[in-house]
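# Reading the structure
Spelled out from the first residue to the last, the chains are:
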Amino acid sequence: MTTPIRVVAGLFLASLALRPQILAIGPLLPLIRADLGLPAGVAGLLTTIPVLCMGVFAPIGPRVAARLGTRTAFAACLSLIVGFGLLRALIPSTELVLAATLGVGVGIGTAGAIPSMVVSQRIAQRPALGTGAYAGGIVAGSTLAAAFAVPLAVGGDWRRALAIISLVSLASVAAWLVLVRGDRALRPRDSPARRLPWRNVTAWLLILLFGLQSILFYGIVSWLPNIFVERGWSADSAGALVAVFNGVGLTTTIGLPLVADRLGARRPQLTLASAVSVGAMAMLIVAPALAFVWIGVLGLALGAVFPLVLTLPLDVAGDPAEVGSVAALMLLGGYILSSAGPVALGAARDLTGDFSASLVLLLAIAVVLTVACTALAPARLRRGIPAI
């Protein structure tokens, strides 16, 4: 069996490619809108389409893994992301760009539940470590994409930036195949993919928690640069806000899972982190001159929420197939819920003439997330989700 260190490293390096195709869009959106002549609501589709796909196609991942094995299935998903990402950078029209964005979303969505299955199969004794590895890879890839998207767009060429990001992501596919070796004994064919636990109340709570934190995350990375460009900031400075958000959040995304199991129940951890996000969002509205401070605090808070929520399917499920079904339902419902976020925030800007209403909506969502976390009682997690 592959040693845990190789699996942890493989999960981290492979997951670097899971979000750059989405996260690079936010900083590049002013250039994309100017080039293609897009209104804010339509431009929001560049984020909404892959986020929606991350929900719709999540249940397919465990079934693909049951046929191909988790290693091959994950590599195939990463290859789809890279291929359609490169295609999107090359094709000319708005319609084709949106179509290629759909292809990117299919790859990301199908991959969604597979890392949880890998953790359950290969490093079940260290679930928080495994979760932290791929969550950290997602955030690290997001940070790099946000930081380098605008500098890579030499002369305002957003297509150049997306092409380079796609080509660099090929290294993630190679790292995954080299570090995580195939093992027929680990294929889930003897444990077929389970049906989704639609009737379980705990599963719906996981959907709500994941969806709300995703709305916050993708709303911020999609529109924060535009918000501050509208307020007179340069594209580089506004894009740096997203880089700080992801970069600071990376510390809690990687660090917290290493000690989370020693800190007690999930509810106080999630509630505290969500409450901090409420305060940071409020200060971002009332004191925007200190935006880099508040976005850093917000990054720490949501950087803690993300891996904790990703660990919940491992907390409530048993074997890899069951973990896959729970994670798939959480991603399906959560991303469908969150997919409306970027478009709704963009539409609010179109209707009101500025982004003030969009920021208030994000604050309200942070409040609802905090309240929802209080329902995550330890007894509810111990009951788990019965296999179907």
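All of these numbers come straight from a predicted model, not from anything done at the bench.

### Quick word on the overall build of the chain
Helices and strands together make up the secondary structure of the chain, namely 18 helices and zero strands. In terms of its C-alpha atoms, the chain occupies a principal-axis envelope of roughly 55 × 45 × 35 Å. By the burial criterion, 58% of the 388 residues in the chain qualify as buried. Once local pairs closer than 6 in sequence are excluded, the contacts in the chain between residues at least 24 apart make up 86%.

### Brief notes about the packing of aromatic side chains
Evaluation of the coordinates by the stated rule reveals nine aromatic pairs. Joined through ring pairs, the aromatic side chains of F210, F217, Y218, F245 and Y335 make up one cluster. Stacked on the ring of F355, the Lys or Arg R349 has its end atom at 5.6 Å from the ring centre.

### A closer look at the side chain of S172
By secondary structure assignment, the location of S172 is in helix 11 (residues 158–179). With sequence-adjacent residues up to four places away left out, S172 is seen in contact with L13, A14, L16, A17 and L78.

### Re helix 15 (residues 291–316)
Given 3.6 residues per helical turn, the α-helix brings residues three or four places apart onto the same face. When the terminal C-alpha atoms of helix 15 are compared, their 38 Å separation across 26 residues agrees well with the 38 Å that a helix rising 1.5 Å per residue should span. Taken across its 26 residues, helix 15 has 21 buried, putting it largely inside the fold.

### Let's talk about the packing of helix 5 (residues 45–56) against helix 16 (residues 320–352)
Two packed helices can be described by the angle between their axes and the distance between those axes. At a closest axis distance of 7 Å, the pairing of helix 5 and helix 16 adopts a crossing angle of 170°. By the criterion of interaxial angle, the relationship of helix 5 to helix 16 is roughly antiparallel. Mapping the contact onto sequence places L45, T47, T48, V51, L52, M54, G55 and V56 in helix 5 and L331, L332, Y335, I336, S338, S339, P342 and V343 in helix 16. When its residues are assigned to classes, the contact of helix 5 with helix 16 shows eleven nonpolar, five polar and no charged.

### Some thoughts on helix 13 (residues 235–259)
Over its 25 residues, helix 13 extends 38 Å from the first C-alpha to the last, a length consistent with the 36 Å expected when each residue adds 1.5 Å. For helix 13, the principal kink sits at G249 and spans about 30°.

### Focus: the side chain of S166
Residue placement: S166 occurs in helix 11. S166 sits in the buried class, given a relative accessible area of 0%. Here G85 takes part through its backbone oxygen, which lies 3.4 Å from a polar atom of the side chain of S166. If we ignore the near neighbours within four places in the chain, the residues touching S166 are Q21, V82, G85 and L86.

### Some thoughts on the pattern of salt bridges
Summed over all chains, the structure comprises one salt bridge. With a closest N to O distance of 2.5 Å, R349 and E230 form a salt bridge. Linking R349 in helix 16 with E230 in helix 12 (residues 201–230), this pair joins segments that are 119 residues apart in sequence. In this structure E230 comes out as partly exposed when scored by relative accessible area, which is 37%.

### Re the environment of R160
As for its position among the elements, R160 is in helix 11. For R160, a relative accessible area of 43% corresponds to the partly exposed category. Contacts of R160, omitting those with residues within four sequence positions, involve L152 and V154.

### Some remarks on the nonpolar core
Generally speaking, soluble globular proteins have nonpolar side chains that are buried together. Ranked by size, the top nonpolar core spans 128 residues in total, and within it L11, L28, L78, W176 and Y218 carry the most contacts. Per-element accounting of this core gives the leading share, 17 residues, to helix 12.

Conventions used here
Residues numbered from 1 in each chain as written. Predicted model: local features only at pLDDT ≥ 70, side-chain atom pairs only at ≥ 80, totals over all residues. Heavy atoms only, no water. Helix = DSSP H or I, 4+ residues; strand = E, 2+ residues; numbered from the N terminus. Buried < 20%, exposed > 50% of the residue type's maximum accessible area, 1.4 Å probe, protein only. Contact = heavy atoms within 4.5 Å. Phe/Tyr/Trp six-rings, centres within 6.5 Å; stacked < 30°, edge-to-face > 60°. Lys NZ or Arg CZ within 6 Å of the ring centre and 35° of its normal. Expected span 1.5 Å × (residues − 1). Axes fitted to C-alpha atoms, helices over the stretch in contact; angles between N-to-C directions. Parallel < 35°, antiparallel > 145°, perpendicular 65-115°, else oblique. Nonpolar A, V, L, I, M, F, W, Y, C, P; charged D, E, K, R; others polar. Bend = angle between axes of the 7 residues up to and from the residue. Polar contact = N/O pair within 3.5 Å; in protein donor to acceptor, adjacent residues only side chain to side chain. Salt bridge = Lys/Arg side-chain N within 4 Å of Asp/Glu carboxyl O. Core = buried A, V, L, I, M, F, W, Y, C linked by side-chain atoms within 4.5 Å.

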